[in-house]
Amino acid sequence: MANQDWGNDTVVTEFILLDFGNGPELDSLLFLMFLSIYFLTITGNTFIVVLVVAHQPLHTPMYFFLGNLACLEICYSSNILPRMLLSYMCGDRHISAWGCFTQYYFFGCLGAAECYLLAAMSYDRYLAVCKPLHYPSHMDFKLCLQLDAASWVSGFLSNSILTLLISNLDFCGPNEIDHFFCDSFPMMKLSCSDIRVVGFVTSVVTAMCSLPTFLLTFSSYLYIIVTVMRIPSATGRRKAFSTCSSHLIVVILFYWSILAVYVLPDHNTQILPNKVLSVFYTIVTPLVNPLIYSLRNKEVKEALQK
């Protein structure tokens, strides 16, 4: 049963995720595509975690943060893709109300934690490239632990308020969520409560989590690029610039899609562009991060050879 009577109202006890609005004829193709993406994401990120833990030369602040990012991406992908795969395989797109709120909670927590972790990583790289003489004394193991713990704790605390607000809304009408996962604004569209305050708080909290961390990350990489351009060797300058620019491109894609979905637009507009943008920070970023941040590094290649 999707609904039950509660007084004079109808309380929704489960939702239906419409995914991308595709027909049954595309389910097999989408299943294979997302299964391949999920396999590559889990394999790549797990490989990074194992390599960082097992290989002694990678026990440095940079790879400590990369290992944490890989662990976060595993959790991030596993929160969304398995349910999608199950729905394409079985054709059942139903999810319980509390299951939906739980998925949204972990999605928001992990997304916010990634914002903070990317900022910590950019600060680490800034110190290493722009302040190399001060780097060993500034970025010690204690600071790494503090930055890492702050990223995870801040991420999980930031979305607790939003999940509480959304779960306390009244859902008494249609139960079809026009999205491929339980996200805040698509869920709020189904509520029969006044959602203006919750929508405003959602945009504010998202902006507070993403804008400062984006500015810090973007500024750090700009300083790094300026420092790299001063390298006398043209080969070294080209190699370092290629690495930094690829990091910056991934960061911009990640933050641009988040800001475009949650902060910038009028949320009364159609949801299809938001679905497409959501693919970047929920599916594409966890897939490419191991390649961009780790597998191109010289130390990782040497560890692979050993």
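Residues numbered from 1 in each chain as written. Predicted model: local features only at pLDDT ≥ 70, side-chain atom pairs only at ≥ 80, totals over all residues. Heavy atoms only, no water.

- If you check an unreviewed UniProt entry, the protein appears there as Olfactory receptor from Formicarius rufipectus.
- Here the protein is described in UniProt, under the heading Sequence similarities (unreviewed entry), as follows: "Belongs to the G-protein coupled receptor 1 family."
- Word for word, the UniProt comment on the protein under Subcellular location (unreviewed entry) is "Cell membrane". (UniProt positions renumbered as here; feature names shortened; annotations may be inferred.)

1. Side note on the state of the cysteines
Right, on to step 1. Per the stated rule, a full pass over the model turns up 2 disulfides.
Right, on to step 2. There is a disulfide in this structure between Cys-172 and Cys-192, and the S-S distance comes to 2.0 Å. Residue Cys-172 is found in the loop between helix 5 (141-167) and strand 5 (176-177), and its partner Cys-192 is found in the loop between helix 6 (184-188) and helix 7 (196-228); the two are separated by 20 residues along the sequence.
Right, on to step 3. With its bonded cysteines labelled in order along the sequence, the protein shows the pairing 1-3, 2-4.
Right, on to step 4. With no disulfide of its own, Cys-115 lies 6.8 Å from the sulfur of Cys-209, the closest cysteine sulfur.
Right, on to step 5. Assessed through its relative accessible area of 3%, Cys-115 is described here as buried. (Disulfide = S-S within 2.5 Å. Helix = DSSP H or I, 4+ residues; strand = E, 2+ residues; numbered from the N terminus. Buried < 20%, exposed > 50% of the residue type's maximum accessible area, 1.4 Å probe, protein only.)

2. With respect to the pairing of strand 3 (residues 14-17)
Right, on to step 1. Taking every second residue as pointing to the same face, both faces of strand 3 are buried, with Glu-14 and Ile-16 on one and Phe-15 and Leu-17 on the other.
Right, on to step 2. Alignment of strand 3 against strand 4 (residues 94-96), held across 3 bridges, turns out to be antiparallel. Each bridged residue has a counterpart across the sheet, and for Phe-15 the counterpart in strand 4 is Ile-95.
Right, on to step 3. Bridging between strand 3 and strand 5 involves 2 bridges; their strand directions are parallel. Following the sheet pairing, Leu-17 is matched in strand 5 by Ile-177. (Pairing = 2+ DSSP bridges.)

3. A word on the nonpolar core
Right, on to step 1. Residues Phe-15, Phe-34 and Tyr-293 are the most contacted members of the largest nonpolar core, which totals 82 residues.
Right, on to step 2. When residues of this core are assigned to their parent elements, the largest contribution, 16 residues, is made by helix 3 (residues 97-130).
Right, on to step 3. When near neighbours in sequence (up to four residues on either side) are disregarded, Phe-34 contacts Phe-20, Leu-81, Met-84, Leu-85, Tyr-88 and Ile-283. (Core = buried A, V, L, I, M, F, W, Y, C linked by side-chain atoms within 4.5 Å. Contact = heavy atoms within 4.5 Å.)

4. Considering the pattern of salt bridges
As a working rule, side chains carrying opposite charge can pair if their charged atoms are close by.
Right, on to step 1. Under the defined criterion, the tally for this structure stands at 6 salt bridges.
Right, on to step 2. With its nearest N and O atoms 3.0 Å apart, the salt bridge here joins Arg-93 to Asp-19. Taken as a pair, Arg-93 in the loop between helix 2 (61-90) and strand 4 and Asp-19 in the loop between strand 3 and helix 1 (24-54) lie far apart in primary sequence, 74 residues in all. Neither residue differs from the other here; Arg-93 and Asp-19 are each classed as buried. (Salt bridge = Lys/Arg side-chain N within 4 Å of Asp/Glu carboxyl O.)

5. Focus on the sheet that holds strand 5
Right, on to step 1. Judged by pairing direction, the sheet is mixed, and its 3 strands sit side by side in the order 4-3-5 without closing on themselves. Both outer strands of the open sheet, strand 4 and strand 5, are each paired with one neighbouring strand and no more.
Right, on to step 2. In the packing of helix 3 onto the sheet, contacts are made with strand 3, strand 4 and strand 5, and the angle to strand 4 comes to roughly 85°. (Axes fitted to C-alpha atoms, helices over the stretch in contact; angles between N-to-C directions.)

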